[in-house]
Amino acid sequence: MGGNRPGVGVQQGAEAVVRVAIATLWRSPSAVRPVDAPALGTPADVGAWVAGMDADQQVSPGVLSQLLLGERVLVTEIRPDGWAHVVAVEQPAARLDPRGYPGWLPVAQLAPAAPGTDATPQLVVDATVTALHATPGGQVILPGVVLGTRLAPAGPPVDGWRPVHTPGRAEPLWLPAAHVALVPTAPPTAEEVLTVATRLVDVGYLWGGLSAYGIDCSGLVHLVWRRLGVALSRDADDQANAAHPLELGAERPGDLYSFARSGGRIQHIGIVTAPPREPDERRMLHACYRHRRVLEERLPAERTATLVGAHRV
């Protein structure tokens, strides 16, 4: 699975995989602030990073997205100062790059992609947050592994613990078997979508966030479907454009609502939680910038005024 030294073997023009629990994708290295230091390490302490910011700092335009442990990227540039430009190939971004979501991260947060991993049966983390251990119940090696992270099994469960392969490590790590599930192969039901989404209610709003430590509106939609085995686009406008449009009034729970202002592109998205009722009574679950958290609510009048469509994945 590659060497243990962070970033060793990662090559420009080749695929690599994320070796930290959560890697943050930046607009540019110059966009990083002193407060962002905990997110740049190996391991990256995203929990401490989010906790160390105030509400305004948590909506930095320098943050684009986040990548989860094992997520594949195409490395397009490696700088001498240790930054790599990558394309996150598992986060479709048609408007930005047909290959995936582009941005910058520390090369030390990557490991070379191991051949043949695409053919390995995959597990997905079902716990909101878990940790990977050196042995069953032993030392924590990789904390902060979050919902939606895909892991390659390294053998059957042992006494309630599951061994998994992780990038950059030769030996398997272990997590509670109850914290993972098989990646679903059937399209998710509305009940499954809402069950996963509801588990993220009250998670704080983080611009570009993609985890239970902090999340934005399109990150919530992307992560819910990722947990359920579906690769959705990362940004709200791409998510809406990739889904099937519906006439307003035909939506049902598990569909999406999209929002825009003055004919502009879609800038907000949420998950329908109830059939619409007249007059204009609609409900959704979303990561709300105004409330700075994930919540389920009846659409207020100011939100309804910007509602531009409903969509089915």
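The structure presented is a predicted model; accordingly, all values stated were derived computationally and were not measured. (Residues numbered from 1 in each chain as written. Predicted model: local features only at pLDDT ≥ 70, side-chain atom pairs only at ≥ 80, totals over all residues. Heavy atoms only, no water.)

A. Looking closely at the overall build of the protein chain. For the protein chain, the count of helices and strands is five helices and 22 strands. By the compact-globule yardstick of 20 Å for 313 residues, the protein chain fits well, its C-alpha radius of gyration being 19 Å. Put simply, the protein chain has 313 residues, and 50% of those count as buried. Between the centroid of the 27 positive side chains of the protein chain and the centroid of its 30 negative side chains there is a distance of 1 Å. (Helix = DSSP H or I, 4+ residues; strand = E, 2+ residues; numbered from the N terminus. Rg over C-alpha atoms; globule rule 2.2 N^0.38 Å. Buried < 20%, exposed > 50% of the residue type's maximum accessible area, 1.4 Å probe, protein only. Lys, Arg positive; Asp, Glu negative; His and termini not counted. Charge placed at Lys NZ, Arg CZ, Asp CG, Glu CD.)

B. Molecular detail of the state of the cysteines. Under the counting rule described, the total for this entry stands at zero disulfides. No disulfide involves Cys 217; its sulfur sits 9.6 Å from that of Cys 288, the nearest cysteine. Taking relative accessible area as the criterion, Cys 288 reaches 0% and is therefore assigned buried. (Disulfide = S-S within 2.5 Å.)

C. Representation of the sheet that holds strand β17 (residues 244–246) in the model. As summarised here, the arrangement of the six strands in space is β17-β22-β18-β19-β20-β21, forming an open sheet in which the pairing is antiparallel. Whereas interior strands pair on both sides, the edge strands pair on one side only; in this sheet they are β17 and β21 (293–298). Pairwise comparison of adjacent strand axes, ignoring direction, gives a mean angle of 35° for this sheet. In the packing of helix α2 (residues 190–198) onto the sheet, contacts are made with β19 (268–272) and β20 (283–288), and the angle to β19 comes to roughly 120°. Each of β18 (256–259), β19, β20 and β21 touches helix α3 (residues 217–227); the most contacted strand, β19, lies at about 45° to it. (Pairing = 2+ DSSP bridges. Axes fitted to C-alpha atoms, helices over the stretch in contact; angles between N-to-C directions. Contact = heavy atoms within 4.5 Å.)

D. Inspection of the pattern of salt bridges at higher detail. Taken as a whole and assessed by the stated rule, the structure comprises 19 salt bridges. Close ionic contact of Glu 71 with Arg 226 constitutes a salt bridge, the shortest N to O distance being 3.0 Å. Linking Glu 71 in the loop between β3 (63–68) and β4 (72–78) with Arg 226 in helix α3, this pair joins segments that are 155 residues apart in sequence. Assigned by exposure class, Glu 71 and Arg 226 land together as buried. With a closest N to O distance of 3.0 Å, Asp 97 and Arg 99 form a salt bridge. Overall, Asp 97 belongs to the buried group, its relative accessible area being 11%. Arg 99 gets classed as partly exposed once you look at its relative accessible area, which sits at 44%. Members of the salt-bridge network, linked through shared partners, are Arg 95, Asp 235, Asp 237 and Arg 265. (Salt bridge = Lys/Arg side-chain N within 4 Å of Asp/Glu carboxyl O.)

E. Quick peek at the packing of aromatic side chains. In this structure the tally under the stated criterion is two aromatic pairs. Each ring, one from Tyr 205 and one from Tyr 289, has its centre 5.7 Å from the other, and the planes form 90°; the classification is edge-to-face. Remark: Tyr 289 occurs in the loop between β20 and β21 and Tyr 205 occurs in the loop between α2 and β15 (210–211); sequence separation between them is 84 residues. According to the relative accessible area criterion, Tyr 289 is partly exposed, its value standing at 42%. The ring of Trp 104 carries Arg 79 above its face, with NZ or CZ at 5.3 Å from the centroid. Seen from the ring of Tyr 289, Arg 292 lies directly overhead, with NZ or CZ sitting 4.3 Å from the centre. (Phe/Tyr/Trp six-rings, centres within 6.5 Å; stacked < 30°, edge-to-face > 60°. Lys NZ or Arg CZ within 6 Å of the ring centre and 35° of its normal.)

F. Quick peek at the pairing of strand β12 (residues 161–165). Of all five residues making up β12, four are buried, and the element is well covered by its neighbours. Of the pairings in the sheet, the one linking strand β11 (residues 150–153) to β12 comprises two bridges and is antiparallel in character. Bridge assignment links Ala 152 to a residue of β12, and that residue is His 165. With four bridges connecting them, β12 and strand β13 (residues 173–176) associate as antiparallel partners. In the sheet register, Arg 162 faces β13, and the bridge partner there is Leu 175.

G. Seen up close, the side chain of Asp 238. Locating Asp 238 in the fold gives a position in helix α4 (residues 236–242). Among all residues touching Asp 238, those that are not within four sequence positions of it are Ala 93, Ala 94, Arg 95 and Ser 233.

H. Spotlight on the packing of α2 against α3. Running from N to C, α2 and α3 point in directions that differ by 120°, and their axes come no closer than 9 Å. Comparing the axis directions of α2 and α3 gives the class oblique. Remark: the crossing between α2 and α3 carries right-handed chirality. Judged by residue contacts, Val 193, Val 196 and Ala 197 of α2 engage Val 224, Trp 225 and Arg 227 from α3. Here the residues of the contact of α2 with α3 are counted per class, giving five nonpolar, no polar and one charged. (Parallel < 35°, antiparallel > 145°, perpendicular 65-115°, else oblique. Left-handed = near helix turned anticlockwise from the far one by under 90°. Nonpolar A, V, L, I, M, F, W, Y, C, P; charged D, E, K, R; others polar.)

I. Layout of α2. Where α2 is concerned, the buried positions are Val 193, Leu 194, Val 196 and Ala 197. Projected onto a plane normal to the axis of α2, the buried residues spread over an arc of 165° and lie on a single side. For α2, the secondary structure elements touched by its buried residues are α3, β19 and β20. (Arc of directions from axis to C-beta.)

J. The pairing of β4, seen in detail. As paired strands, strand β1 (residues 15–18) and β4 are joined by three bridges and run antiparallel to one another. Bridge pairing in β4 places Val 17 opposite Arg 72. In this sheet, strand β5 (residues 83–88) lies alongside β4 in antiparallel orientation, the contact comprising five bridges. When the sheet's bridge partners are listed, Val 75 is paired in β5 with Val 86. Hairpin connection of β4 to β5: four residues between the antiparallel strands, including Gly 82 at a positive phi of 95°.

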